[in-house]
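Residue-level listing of the chains:
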Amino acid sequence: MVLTKFVEVGRVVKINYGPQEGRLATIVEILNDKRVLIDGPTTGVQRQVIPIRRLTLTKFNLKGATRGARTGVITKAIKKSDPFAQYAQTLAAKKVAKKVLRAKLNDFDRFRVMILRKRRSALLSTQLKTLKKSTGGKAQAQAKGGNKKK
Amino acid sequence: MVKNSAQDPQDNSLQMKIRQYLVSGRRLPSKDDPNPKVISMRIFARNTVAAKSRFWWNLRRLNKLRPSHGQILAVQELFERRDTNAKTYGIVLKYQSRTTIHNMYKEFRDTTLNGAVSQLYQEMAGNHRAQPQTIHILRTSVLTKSADIKRGKTNQYRGDSIKFPIVKTVPRASHKKFRTVFKAKRPNLYRS
């Protein structure tokens, strides 16, 4: 298995434990094999030392992040090329966003969702019926014939 | 009831609450000696009370000065000038093991000296079963040149282009409330 994600300066990481769980940040400096200095000025993560164990590496890098770069430099680099926006397009990020959205729904929203789901399933069932009609006679006959043989 | 200091660690599980104090004291002025020499010590302690106590402990032994014969002039907390970048700290210490006193030199990478000292205490406790009260920090220094750094394991993490993968990740619940005794699936250790 090829390892493609590295703990390195500029790596975009997601904090997966602690009070800032779920937020993204960039690795600014590596202290040792267990701890790194991260900073996320645009995502609300204060510059801090954090164990690598509390981080999940993403496949994105922040271009222009140098070792020990100050928060201002990091902010400028993010403005130029925003890896956090790229991360938001990934499937994992979208799943989390969906979860967050669903948790925010109020009662009326949930009612609307229910109505929309009913409409969708109604559409699906009419489509299925027409498909069955066009191919169904033959398919059903084949199936019956099969049963008889058995 | 400890007052919070400006550079106290945000997360107590990651760093001990040790602060650095500069305690200054002198012998009580007398007719013969109206302006005694002021002695200052850098002390690592949890609070000012412990710092003063350590100060007198040291002065009794080093300067033959007892609290009843002297006065503390000032207890200032020393703060890290810039805690936003990593530094390599070299610490010379002596500690009392079960049988003898040993000298030691250890290196740590951290952003603040308090953090490095906290790492020191944790390492000494883990490797040598030495409690903080038996450890005496003699000298600390920030090492900037590669030639000054003695330990290979601290030297290898300096540099602009160091990078390494996380080979094994042990998944854990992100919060205490998600912890369960039994899980449906075995853990996937190789998903970074």
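Each value, and the rule that gives it
- Residues numbered from 1 in each chain as written.
- Chains lettered and ligands numbered in written order.
- Predicted model: local features only at pLDDT ≥ 70, side-chain atom pairs only at ≥ 80, totals over all residues.
- Heavy atoms only, no water.
- UniProt positions renumbered as here; feature names shortened; annotations may be inferred.
- Helix = DSSP H or I, 4+ residues; strand = E, 2+ residues; numbered from the N terminus.
- Buried < 20%, exposed > 50% of the residue type's maximum accessible area, 1.4 Å probe, protein only.
- Pairing = 2+ DSSP bridges.
- Axes fitted to C-alpha atoms, helices over the stretch in contact; angles between N-to-C directions.
- Contact = heavy atoms within 4.5 Å.
- Patch = residues over 30% accessible without salt bridge, like charges linked within 9 Å, V, L, I, M, F, W, Y side chains within 5 Å.
- Areas by Shrake-Rupley, 256 points an atom, 1.4 Å probe, with all protein chains shown as cover.
- Salt bridge = Lys/Arg side-chain N within 4 Å of Asp/Glu carboxyl O.
- Lys, Arg positive; Asp, Glu negative; His and termini not counted.
- Charge placed at Lys NZ, Arg CZ, Asp CG, Glu CD.
- pLDDT = per-residue confidence, 0-100.
- Buried area = accessible area lost by both parts, 1.4 Å probe.
- Polar contact = N/O pair within 3.5 Å; in protein donor to acceptor, adjacent residues only side chain to side chain.
- Nonpolar A, V, L, I, M, F, W, Y, C, P; charged D, E, K, R; others polar.

**Let's talk about the UniProt feature "domain: Large ribosomal subunit protein eL20" (unreviewed entry) in chain B**
Point 1. In the numbering used here, UniProt assigns the "domain: Large ribosomal subunit protein eL20" (unreviewed entry) feature to residues 19-140 of chain B.
Point 2. With 25% helix and 42% strand, residues 19-140 of chain B has its two end C-alpha atoms placed 14 Å apart.

**Structural notes on unusual backbone geometry**
Residues and elements named next belong to chain B.
Point 1. Phi at Lys-64 takes a positive value of approximately 55 degrees, unusual for a residue other than glycine.
Point 2. With respect to the secondary-structure elements, Lys-64 resides in the loop between helix 1 (48-62) and strand 3 (70-78).
Point 3. Residue Lys-64 is classed as exposed on the basis of its relative accessible area, which comes to 72%.
Point 4. With a phi angle near 55 degrees, Arg-129 is a residue other than glycine that sits in the positive phi range.
Point 5. Along the chain, Arg-129 falls in the loop between helix 2 (113-128) and strand 6 (135-143).

**Describing the UniProt feature "domain: KOW" (unreviewed entry) in chain A**
Point 1. Sites flagged by UniProt as "domain: KOW" (unreviewed entry) map to residues 6-33 of chain A.
Point 2. As a span, residues 6-33 of chain A carries 0% helix and 50% strand, and end to end its C-alpha atoms are 12 Å apart.

**Considering the sheet that holds strand 2 (residues 39-45) of chain B**
Residues and elements named next belong to chain B.
Point 1. Strand order in the open sheet formed by 3 strands is 2-1-3, and the pairing between neighbours is antiparallel. Of all strands in the sheet, those bounded by a partner on one side alone are strand 2 and strand 3. If you compare each strand with its neighbour and ignore which way they point, the axes differ by 25 degrees on average.
Point 2. Looking at chain direction, strand 1 (residues 19-27) and strand 2 are connected through 7 bridges and run antiparallel. Each residue of the ladder has a partner; that of Val-23, found in strand 2, is Met-41.
Point 3. Sitting on the sheet, helix 1 is in contact with strand 1, strand 2 and strand 3, with an inclination near 130 degrees to strand 2.
Point 4. Helix 2 contacts strand 1 and strand 2 of the sheet and is inclined by roughly 60 degrees relative to strand 2.

**A word on the sheet that holds strand 4 (residues 87-96) of chain B**
Residue and element names in this part refer to chain B.
Point 1. Judged by pairing direction, the sheet is antiparallel, and its 3 strands sit side by side in the order 5-4-6 without closing on themselves. Each end of this open sheet is capped by a strand with a single partner; those strands are strand 5 (101-110) and strand 6. Averaged over all pairs of adjacent strands, the angle between strand axes in this sheet comes to 20 degrees, irrespective of strand direction.
Point 2. Taken together, the 10 bridges between strand 4 and strand 5 define a ladder with antiparallel strand orientation. Among the inter-strand pairings, Gln-96 is bridged to a residue of strand 5, identified as Ile-101.
Point 3. Along the sheet face, helix 2 touches strand 4, strand 5 and strand 6 and points at about 130 degrees away from the line of strand 5.

**Considerations on a positive patch on the surface**
Point 1. There is a patch of like positive charges on the surface, built from Lys95(A), Lys98(A), Arg102(A), Arg117(A), Arg120(A) and Arg191(B).
Point 2. For the positive patch, the leading source of residues is helix 3 (residues 91-104) of chain A, giving 3 residues.
Point 3. By the secondary structure assignment, Arg117(A) is in helix 4 (residues 107-149).

**A closer look at the pairing of strand 4 (residues 35-40) of chain A**
All names here are of chain A.
Point 1. In terms of burial, strand 4 is largely enclosed, as 6 of its 6 residues are buried.
Point 2. Neither face of strand 4 is open: one carries Arg-35, Leu-37 and Asp-39, the other Val-36, Ile-38 and Gly-40, and all of them are buried.
Point 3. Linking strand 3 (residues 24-30) back to strand 4 in an antiparallel pair, the connection comprises 4 residues.
Point 4. Where strand 4 and strand 5 (residues 45-51) come together, 5 bridges link them in antiparallel fashion. Each residue of the ladder has a partner; that of Gly-40, found in strand 5, is Val-45.
Point 5. Counted along the chain from strand 4 to the antiparallel partner strand 5, the turn is 4 residues long, and its residue Gly-44 has a positive phi close to 80 degrees.

**Here's the deal with the confidence of the model for chain B**
Point 1. Chain-level pLDDT for chain B is 94 on average; 98% of the residues reach the 70-or-more range.
Point 2. The ipTM value of the predicted complex is 0.87, and its pTM value is 0.85.

**Considerations on the pattern of salt bridges**
Point 1. Tallying each qualifying case throughout the model produces 12 salt bridges over all chains.
Point 2. Linking Asp160(B) and Arg67(A) is a salt bridge whose minimum nitrogen-to-oxygen distance equals 2.6 Å. Here Asp160(B), found in the loop between helix 3 (152-155) and strand 7 (164-165), pairs with Arg67(A), found in the loop between strand 6 (55-61) and helix 1 (71-80), and the two come from separate chains.
Point 3. With a relative accessible area of 58%, Asp160(B) lands in the exposed category.
Point 4. Take Arg67(A): its relative accessible area is 38%, and that puts it in the partly exposed class.
Point 5. The shortest N-O distance in the salt bridge between Arg19(B) and Asp8(B) comes to 2.7 Å. Placement of the pair is Arg19(B) in strand 1 and Asp8(B) in the segment before strand 1, with a sequence separation of 11 residues. Asp8(B) shares its class with Arg19(B); the two are buried.
Point 6. When salt bridges that share partners are traced, they join Glu29(A), Arg67(A) and Asp160(B) into one network.

**Looking at the interface of chain A and chain B**
Point 1. Counting from both sides, the interface comprises 28 residues of chain A and, opposite them, 25 residues of chain B.
Point 2. Each partner contributes to the roughly 2,700 Å² buried at the junction of chain A and chain B, and carbon and sulfur atoms together form 54% of this total.
Point 3. Taken together, chain A and chain B are joined by 3 salt bridges.
Point 4. Along the contact surface separating chain A from chain B lie 9 residue pairs in polar contact (both at pLDDT 80 or more).
Point 5. The set of elements that each furnish at least two residues to the side of chain A that touches chain B consists of strand 1 (6-7), strand 3, strand 4, strand 5 and strand 6 of chain A.
Point 6. Of all the elements, strand 5 of chain A adds the most residues to the side of chain A that touches chain B, at 3 residues.
Point 7. Looking at the side of chain A that touches chain B, its residues break down into 13 nonpolar, 4 polar and 11 charged.

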